[in-house]
Amino acid sequence: MRVLLTGATGVVGTELAQQLRAADPAVELVPVSRRGEHTVHWRMGAEPPPPALAGHWDVIVHAAASTRWTLGRDEAATANLDPLRAVLALADRDTHLVQVSTAYVGGDRNPEDLRGAEFEGYRNGYEWSKARCEDLARERHPGPLTLVRPPLVVGRRGTGEIARFSGPYTMLQALVSGTAAVVVGDGAGYAEISPVDEVAAALTAAVLAEPPAAPRTEVIAAGADCLDLDTLVDVILTTLNDFRAAHGAPPVERPPLIPTDSWNRFFLPLSDRHLSPVQGQAVRLLAMFQSYTSMRRPFTPTWKVPDPAAAMAASVHHWAHRRPRLALARPEPWTLLAPAR
């Protein structure tokens with residue numbers, strides 16, 4: 001079986017390459033990335049494919065993507081839609097395309113999350129572009145199609161290991177540094193996470209399975225066992241403070257939880273006027289998590305994630321061991337800007 005893997009040096013791609021090789025050594029895996037050792041280098045959508053990618057592919061796993069939530073519409077199209085078009089040109093009607101999407105393209109969106117006409121009701125450019133990628137794959141790919149939708153991704157279940165600290169890990173650094181003076185969201189709202197090895201396991205199963213006769217969607221989630229925001233914050237702080245206590249550092253205090261509506265109506269205008277530019281930027285970035293950690297209902301999984309609390313604790317523990325200076329830092333309280341004279 002000849003398998004092309006894009007985004008091979010990313011968080012999901014790195015884990016998938018390891019699992020797929022271990023699951024079936026007979027698989028001829030060709031990893032592709034923009035950079036990195038032992039991969040075929042290709043700037044998808046910006047240049048023609050290299051000769052090494054010629055020929056028939058039994059499976060293409062398209063895991064490459066820009067996951068930045070701050071992408072504008074044109075940026076998101078260039079970063080995510082153009083590469084998919086380039087990948088589709090390598091596929092034929094006998095190629096099984098496994099497209100890595102995100103669970104949030106089909107998730108529950110609150111009216112206050114919507115960002116208007118630019119993103120057609122989606123919360124940000126990343127989410128919009130992933131929804132459009134699903135549409136494009138359905139419209140343009142003539143062969144078997146599997147869409148895999150993971151939620152927020154954290155480290156491996158047992159060890160917390162992960163190729164790169166991004167996404168949810170922003171919250172860890174913010175809590176320790178003091179820039180997360182508040183957590184915005186509904187404490188009873190749902191926060192779906194998945195360890196990266198669970199995502200890779202779902203993808204490995206899709207690659208090795210018989211290609212579906214009709215387009216298939218795999219939703220990776222904890223469903224009824226999903227964490228709520230209150231529990232998520234408790235797990236993070238308990239694990240972090242256990243690490244700090246073992247190293248003689250004082251605990252990080254639990255920041256207050258501010259409902260989204262109160263934050264948007266009252267606190268955000270004040271923060272714009274009274275916080276420094278650095279603090280203000282941190283607040284805006286953290287506020288982007290509010291709709292992802294305060295969903296009104298959990299996803300309905302087709303691939304069930306067990307015990308997400310244990311996975312989150314392992315991820316925090318691993319992050320603290322790999323980033324001890326950050327994990328043991330003394331939080332700096334917010335300071336208000338002096339009024340202009």
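For the structure, check the block above.
We now turn to the structure provided with this report. None of the values given here were measured: they were computed from a predicted structure.

A short note on helix H4 (residues 169-177)
Line of reasoning, step 1. Along H4, the positions that sit buried rather than exposed are Tyr169, Met171, Leu172, Ala174, Leu175 and Val176.
Line of reasoning, step 2. Gly178 sits one or two positions beyond H4 and adopts a positive phi of about 100 degrees.

A short note on the packing of H4 against helix H6 (residues 229-246)
Geometry of a packed helix pair, given as the angle between the helix axes and the separation of the axes.
Line of reasoning, step 1. As a packed pair, H4 and H6 sit with axes 12 Å apart at the nearest point and diverge in direction by 60 degrees. With respect to H6, the element H4 is oriented oblique. As for the relative orientation of H4 and H6, their crossing is right-handed in sense. Across the interface between the two elements, Met171, Leu172, Leu175 and Val176 from H4 touch Ile236, Leu237, Leu240 and Arg244 from H6.
Line of reasoning, step 2. A per-class count over the contact of H4 with H6 returns 7 nonpolar, no polar and 1 charged.

Looking at the side chain of His96
Line of reasoning, step 1. Structurally, His96 is set in strand S5 (residues 96-100).
Line of reasoning, step 2. Once you skip the residues sitting within four places of it in the chain, His96 turns out to touch Asp58, Val59, Ile60, Pro144, Leu145, Thr146, Ala206, Pro211 and Pro212.

So, the layout of surface pockets
Line of reasoning, step 1. Of the volumes computed, that of the largest pocket is approximately 1400 Å³.
Line of reasoning, step 2. The wall of the largest pocket is formed by 49 residues, among which Ala65, Ser66, Thr67, Arg68 and Arg164 lie closest to the centre.
Line of reasoning, step 3. Listing elements by their share of the lining of the largest pocket, those giving two or more residues are helix H1 (11-23), strand S2 (28-33), helix H2 (73-88), helix H3 (125-140), strand S7 (152-154) and H4.
Line of reasoning, step 4. Take the lining of the largest pocket: its biggest share by element is 5 residues, from H2.
Line of reasoning, step 5. In terms of residue class, the lining of the largest pocket is built from 25 nonpolar, 17 polar and 7 charged.

A short note on the packing of aromatic side chains
The way to describe two aromatic rings as a pair is by their centre distance and the angle between their planes.
Line of reasoning, step 1. If you walk through the whole model with that rule in mind, you get 3 aromatic pairs.
Line of reasoning, step 2. Where Tyr104 meets Tyr292, the ring centres are 4.6 Å apart and the plane angle is 80 degrees; that geometry is what we call edge-to-face. You can see Tyr104 sitting in the loop between S5 and H3 and its partner Tyr292 sitting in the loop between helix H8 (277-287) and strand S14 (303-304), a full 188 residues away along the chain. When sorted by exposure, Tyr104 lands in the same class as Tyr292, which is buried.

Observations regarding the sheet that holds strand S3 (residues 40-41)
Line of reasoning, step 1. The strand order across the open sheet built from 8 strands is S3-S2-S1-S4-S5-S6-S11-S14, with neighbouring strands paired in parallel fashion. Looking at which strands have only one partner, the edges of the open sheet turn out to be S3 and S14.
Line of reasoning, step 2. Pairing analysis gives 2 bridges linking strand S11 (residues 216-221) to S14, with the strands arranged parallel. Across the sheet, residue Ala221 finds its bridge partner in S14, namely Lys304.

Here's the deal with empty space enclosed by the protein
Line of reasoning, step 1. Within this structure, the stated rule accounts for 2 cavities of 30 Å³ or more.
Line of reasoning, step 2. What the second largest cavity holds in volume is close to 70 Å³.
Line of reasoning, step 3. Considering the residues around the second largest cavity, the lining is formed by Leu152, Pro168, Met171, Ile193, Leu232, Ile236, Phe289, Thr293 and Met312.
Line of reasoning, step 4. Of the residues in the lining of the second largest cavity, the class split is 8 nonpolar, 1 polar and no charged.

Concerning the pairing of strand S6 (residues 145-149)
Line of reasoning, step 1. The buried fraction of S6 amounts to 5 of the 5 residues, a majority that puts the element mostly inside the structure.
Line of reasoning, step 2. With burial as the criterion, each face of S6 is covered, one bearing Leu145, Leu147 and Arg149 and the other bearing Thr146 and Val148.
Line of reasoning, step 3. Judged from the 4 bridges that link them, S5 and S6 form a sheet pairing that is parallel. When the bridges of S6 are listed, Gln99 appears paired with Leu147.
Line of reasoning, step 4. As defined by bridge partners, S6 adjoins S11 across 4 bridges and the pair is classed as parallel. Bridging from a neighbouring strand, Thr146 pairs with Arg216 of S11.

Points about unusual backbone geometry
Line of reasoning, step 1. In this model, His38 sits at a positive phi of 60 degrees, which is unusual for a non-glycine residue.
Line of reasoning, step 2. Mapped onto the elements of the fold, His38 is located in the loop between S2 and S3.
Line of reasoning, step 3. At Asp307, a position not held by glycine, the phi torsion is positive, near 45 degrees.
Line of reasoning, step 4. With respect to the helices and strands, the residue Asp307 is situated in the loop between S14 and helix H9 (308-322).

Some points on the nonpolar core
Line of reasoning, step 1. In this structure, Val3, Leu5, Val61, Leu203, Ile236, Met312 and Trp319 are the most contacted members of the largest nonpolar core, which totals 64 residues.
Line of reasoning, step 2. If one sorts the elements of this core by residue count, H6 sits on top with 8 residues.
Line of reasoning, step 3. Setting aside anything within four residues of it in sequence, one finds Val61 in contact with Val3, Leu4, Leu5, Thr6, Leu16, Val98, Val100, Leu203 and Val207.
Line of reasoning, step 4. Trp57, Ala77, Leu81 and Ala91 belong to the second-largest nonpolar core, a separate cluster that totals 31 residues.

Rules behind the numbers
Per chain, residues are indexed from 1 in the order of the written sequence. Residues qualify for local features only when their pLDDT is at least 70, as the model is predicted, and side-chain atom pairs are given and counted only at 80 or more; totals for whole chains, interfaces and linings, by contrast, use all residues. Working from all heavy atoms in the structure, the side-chain values ignore hydrogens and water. Burial here depends on accessible area, computed with a 1.4 Å probe over protein chains only, as a share of the maximum for the residue type. Under 20% is buried, over 50% is exposed, and the range in between is partly exposed. Where helices and strands are cited, they refer to DSSP runs of H or I of at least four residues and of E of at least two residues respectively, numbered from the N terminus. To get an axis, a line is fitted to the C-alpha atoms, and for a helix only the part in contact is used. The angle between two axes follows their N-to-C directions and goes from 0 to 180 degrees. Orientation categories follow fixed angle ranges, with anything under 35 degrees roughly parallel, anything over 145 roughly antiparallel, 65 to 115 roughly perpendicular, and all other angles oblique. Should the near helix be turned anticlockwise from the far one by less than a right angle, the crossing is termed left-handed; should it be turned clockwise, right-handed. Contact between two residues is taken to exist if any of their heavy atoms lie within 4.5 Å; hydrogens are not considered. Each residue is assigned to one class: nonpolar for Ala, Val, Leu, Ile, Met, Phe, Trp, Tyr, Cys and Pro, charged for Asp, Glu, Lys and Arg, and polar for all the others, Gly among them. Of the grid points, spaced at 1 Å and generated over the protein atoms alone, those admitting a 1.4 Å probe that cannot get out make up cavities, while open sets with protein on both sides within 12 Å along at least five of seven lines make up pockets; any residue with an atom within 4 Å of a point is treated as lining. Grid points are joined across faces, edges and corners, and a volume is the space filled by probe spheres set on the points. Side-chain rings of Phe, Tyr and Trp, where Trp is taken by its six-membered ring, are said to pair if the distance between their centres is within 6.5 Å; with planes under 30 degrees apart they count as stacked, over 60 as edge-to-face, and otherwise as tilted. Pairing between strands requires that DSSP locate at least two bridges from one strand to the other. What makes a nonpolar core is a set of buried Ala, Val, Leu, Ile, Met, Phe, Trp, Tyr and Cys residues whose side-chain atoms join them at distances within 4.5 Å.

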